[in-house]
Amino acid sequence: MWRLTSRSFMAKRRPVCHKASRFSTSQALAQNEQSVREITTLLSSHNWLALMESSDVPKKLNPDVIRSVIVQNQVGDPKRLLDFFNWSQKKMGTAAHQDLDVLSALAVHLCNSNWYVPANDLIQCIIRNSDSPLAVLGSIVKSYRNCNGSPNSVIFDMLMNSYRKRGLLVEAVNLFLGAKDFELRPSLLSCNSLLGDLLKGNKLELFWKVFDGMCVRKILPDVYTYTNIISAHCKVGNVKDAKRVLLEMGENGCSPNLVTYNVIIGGLCRAQLLDEAIEIKRSMDDKGLVPDLYTYNILINGFCMGKRSREAKLMLLEMSNMGLNPDPKTYNALIDGFMRQGDIDEAFRIKDEMVAYGIEENLIIWNTLLNGVCKAGKMEKALEIMREMNEKGAILDSQTYSLLIEGYCREQNMARAFELLDEMKKKKIAPTVLTYSVIINGQCRCGNLQGANAIFQEMTMNGLKPNAIVYTTLMTAYAKEGRVEEARMILERMRNQGILPDVFCYNSLIIGFCKAKRMEEARTYLMEMLERRLRPNAHTYGAFIEGYSKAGEMDMADRYFNEMLNCGVLPNNGSYRALIEGHCKEGNVSEAFSVFRCILSRGALPDVQTYSELIHGLSRNGKMNEAFGIFSEFQEKGLPPNVFTYNSLISGSCKQGNVDKGFQLLDEMCIRGINPNIVTYNILIDGLCKAGEIERAKNLFDGIEEKGLTPNCVTYAAMIDGYCKSMNATAAFQLLEEMLSRGVSPDAFIYNVILNFCCNEENFEKALDLFQEMLKKGFASTVSFNTLIEGYCKSGKLQEANDLLEEMILTQFIPNHVTYTSLIEHYCKAGLMGEAKRFWLEMQERNVTPTAKAYTSLLHGFHNIRNMSEVSALFEQMAAKGIEPDEMTYHVMIDAYCQEGNATEACKLKDEMLMKGMPMSVAAYDALIQALCKKDEFSEASKLLNEMGEKGFRPSLPTCRVIVQGFQIAGNVDEAAEVLQCMVKFGWVSSSTTSLDDLVDGNQDGEKSEDSEDLLKQTA
């Protein structure tokens, strides 16, 4: 009951409260209106301030009263209204009123009365207290409408310029674009000022929005507008459109001024269109304009950047003749230009000329000189400059020290670089990002990544923010070391710092991943680049081309090469070389030539390395005529061959057994002043050894040191291999001892050569000792095991070979197809087909793909024990796996089918062999003829006999006799006589001593019979 009463009571009281509130608000409004009338009346008097101070007006002031007084503006004097506003703020105890409408109304009243200075102060106050330019604009337009006026451009220009001068360019542009909705038209001067600031701030997208807005509102451009437009085009290298605008100016009756010409000349110089820049300068005369110092400085700098410093110097003379005095910028450009071209002496002559002219060196000049000599590696000259700077009282800055530090880092003299860093700190010269950047780069070049990271940490601890260059340097260093995951982490750290990676950053990672053969991950970063609209360059595509070429995936390498061309990116010589090398390694010489001709078709001249790579590839593939042809073309173009070029030709000649040609090339390169290196002599020694000229090879080997060269592991390997092949074990082991005493460590190849020799000699005790030594030194490999296994097998020691296979698996060496093929072959020859089959199955379990030789061994083994079902199954399996049969496979299968009496299948295999260009053996022909005769197909057998004669083969006499006897039994005496005539024609028997009866009875010529029997033995 109580709660209900309480609710009712509260319900009854609420209307009373609202009625009181409405009464109070009405009363307040009435009081405010009375205060406004009172204040307005007092403001009409000249002594308004005294009157207000002596009245109770200060007590009646509130924001609503002040707003009404100012917005209604019944005073007519905006200056007095502003004074009242300022007085009221003091009385109310606030520093500044933040009412946008009040401030806008005041600014409008002041502008309407041409009181622009105080109006501008109010505009500044408005901008400080408002976040939205469009809200400010709306408030000002409303104030104009309240006083029955239309907005004028003055206050709008004032507002836009205020935003611009504060650096709030985005807000200024938004204001400009929003003004269209209020039919406000900014002045051309304000538009030009905004365009100029947008250009300086590199905000080209906003620049073009403003210019388009000007065109829409038909604000006609003047010379300043056109100059800004030309500058915008030049800024992005679009000189074609810049020149078009220059012509358009004249057509529209607007004459370019000196600044316009300087802008377009600057753009052409940056684009290295220097001759066009000179033409533009000459056209200034037609307009009555005279180039000034700035014009000449632009041109001189442009020519120097284009490595045309001699022409730049002539321009200095021209400007002097025109009465223009060069300034330090002029001379600095020339000094820098000659330094870039490596003409240090001329750079110093320019400096001396400048001093003689009365211009003292400033710090910029000194730093330019230091930069040049440090990059040229002339650190003694750098120290001379430093001494001269000190003598002349020049104050060194952080850039001076950074240049010196970089010079020492280039020489990998990191100790001196750190001494200079300490000297900087002692002199209170704070190291900059550049200083730390060059030290980090130096540490990376020395391979000291730990030291590079320590400097990076110091840099960040000193409050410096690493830039993209620093991060890229670290990423590149880690990628080169193959530590791509750490390089990737640096990229992530860079992103976390808000630094967007550029093309160089991505290239570092892409190159690293491609070298690590992780092509898919490299591709991920390429896609990321493209998504960010970064344009891959020659180094980006080159990484993929080189990566896929080295992996032998030439289809992918060609794909990236074509993609590169389609994107308009010019390949560099590195990409061409990678493709040529890749195709040559695959034996695809025609594709390598195609790449080479592509270079020529693009008007590019291949460099020495590219020519040499092609010559090397051709030589390696035995295409020596083509290699020498390219060598001649190479020399006709005036390119000097190098030692690599000659080594390739010598190697190719030696591989073809033409060692004398190799020595002719050696003499030729010596005459040309090209010093042979140890590789040259290694090739020739190896060539002589392979040709069996061991003594000549030994003489060449003994004379190497007289030529200032030291034999290396490859040199000894060639000689040891030669001695082993010539069965001179003593000399081989002596050389092995000699190389050890000289501190030349034998490699796996040398050990394997000697191991193979010992196995061939069946000296297994020595072979095992050597093998144990190889295991200890880490030189043992699958090849070593295979050599021993093959040696045991050839010697009939099959159990030892089997034991060695088990040891091989236990010691974590992986058997390959050579291992199993050796075991299968020799177990099959021994008739141990169960063991051979076991190796076969084990081979498949280990996913080792069998070769044709392994299949052939098994086929032959099962054929010997007359297991035709196994033979047929194996041959079908071979075909199913796509393994091409070799000659031996075909011969085994032909013999197997013939013995089974399946002459039809045997003949099919014979035809298949001949279609593939494989020669048939005498034994295979004999087997086929015997099989056909058993089936009474004597005519077919006779054809085969004739075919043998045409191919220069001599069948066994029993084979011929079988055909003749077959024809005679069948009553075909003429055919039998034809067989005898065939035998006489091919010289198998004598026509004078052999008759048909003799042949049938076996009384043929004894000599011929012996020959035939010998042949039969050879083909059995």
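Look above for the structure.
Residues numbered from 1 in each chain as written. Predicted model: local features only at pLDDT ≥ 70, side-chain atom pairs only at ≥ 80, totals over all residues. Heavy atoms only, no water.

S.K.: How would you summarise the pattern of salt bridges if you had to cite specific residues and measurements?
M.R.: For side chains of opposite charge, pairing can occur when their charged atoms come near one another. Applying the stated rule across the entire model yields 57 salt bridges. Here Lys943 makes a salt bridge to Glu940, at a shortest N to O gap of 3.4 Å. You can see Lys943 and its partner Glu940 sitting in helix α54 (residues 938-950), three residues apart, about one turn around the helix. Glu940 gets classed as partly exposed once you look at its relative accessible area, which sits at 38%. One connected set of salt bridges, linked through shared partners, spans Arg310, Lys313, Asp343, Glu346 and Arg349. (Salt bridge = Lys/Arg side-chain N within 4 Å of Asp/Glu carboxyl O. Helix = DSSP H or I, 4+ residues; strand = E, 2+ residues; numbered from the N terminus. Buried < 20%, exposed > 50% of the residue type's maximum accessible area, 1.4 Å probe, protein only.)

S.K.: Mind laying out helix α30 (residues 519-531), listing which residues take part and the relevant values?
M.R.: Compared with the 18 Å implied by 1.5 Å per residue over 13 residues, the 18 Å span of α30 between its first and last C-alpha is a close match. Along α30, the residues classified as buried are Met519, Ala522, Arg523, Tyr525, Leu526, Glu528 and Met529. Contacts from the buried residues of α30 go to α28 (484-496), α29 (503-515), α31 (538-550) and α32 (554-566). Count one or two residues on from α30 and you reach Arg533, which has phi positive near 60°. (Expected span 1.5 Å × (residues − 1). Contact = heavy atoms within 4.5 Å.)

S.K.: Summarise a negative patch on the surface; cite the residues concerned and give the values.
M.R.: A surface patch of negative charge is lined by Glu800, Asp803, Glu806 and Glu807. For Glu806, a relative accessible area of 46% gives the class partly exposed. (Patch = residues over 30% accessible without salt bridge, like charges linked within 9 Å, V, L, I, M, F, W, Y side chains within 5 Å. Areas by Shrake-Rupley, 256 points an atom, 1.4 Å probe, with all protein chains shown as cover. Lys, Arg positive; Asp, Glu negative; His and termini not counted. Charge placed at Lys NZ, Arg CZ, Asp CG, Glu CD.)

S.K.: Explain the packing of helix α9 (residues 153-165) against helix α10 (residues 169-178) to me, using residue names and the numbers behind them.
M.R.: The contact between α9 and α10 brings their axes to 7 Å, and the two run at 155°. Between α9 and α10, the angle falls in the class roughly antiparallel. On α10, the residues touching Phe156, Leu159, Met160, Tyr163 and Arg164 of α9 are Leu169, Glu171, Ala172, Leu175 and Phe176. In the contact of α9 with α10, the residues fall into eight nonpolar, no polar and two charged. (Axes fitted to C-alpha atoms, helices over the stretch in contact; angles between N-to-C directions. Parallel < 35°, antiparallel > 145°, perpendicular 65-115°, else oblique. Nonpolar A, V, L, I, M, F, W, Y, C, P; charged D, E, K, R; others polar.)

S.K.: How would you summarise helix α12 (residues 204-216) if you had to cite specific residues and measurements?
M.R.: Here α12 is 13 residues long and its end C-alpha atoms lie 18 Å apart, about the 18 Å a rise of 1.5 Å per residue gives. Three or more residues of α12 are buried, namely Leu204, Leu206, Phe207, Val210, Phe211, Gly213 and Met214. Contact partners of the buried residues in α12: α10, α11 (188-200) and α13 (223-235). Directly after α12, the chain includes Lys218, whose backbone phi takes a positive value near 60°.

S.K.: An account of the nonpolar core is requested, with residue identities and associated values reported.
M.R.: Phe84, Ile510 and Ile720 are the most contacted members of the largest nonpolar core, which has 329 residues in total. Ranked by residues supplied to this core, first place goes to helix α53 (residues 922-934) with nine residues. If near-sequence neighbours (up to four positions away) are discounted, Ile510 is found in contact with Ala522, Tyr525, Leu526, Met529, Thr540, Ala543 and Phe544. (Core = buried A, V, L, I, M, F, W, Y, C linked by side-chain atoms within 4.5 Å.)

S.K.: So what's going on with unusual backbone geometry? Residues and values would help.
M.R.: A positive phi angle, near 60°, is found at Gln272, a position not held by glycine. Within the chain, Gln412 stands out as a residue other than glycine whose phi angle is a positive 60°. The residue Gln412 is located in the loop between α23 (398-410) and α24 (414-426) in this model.

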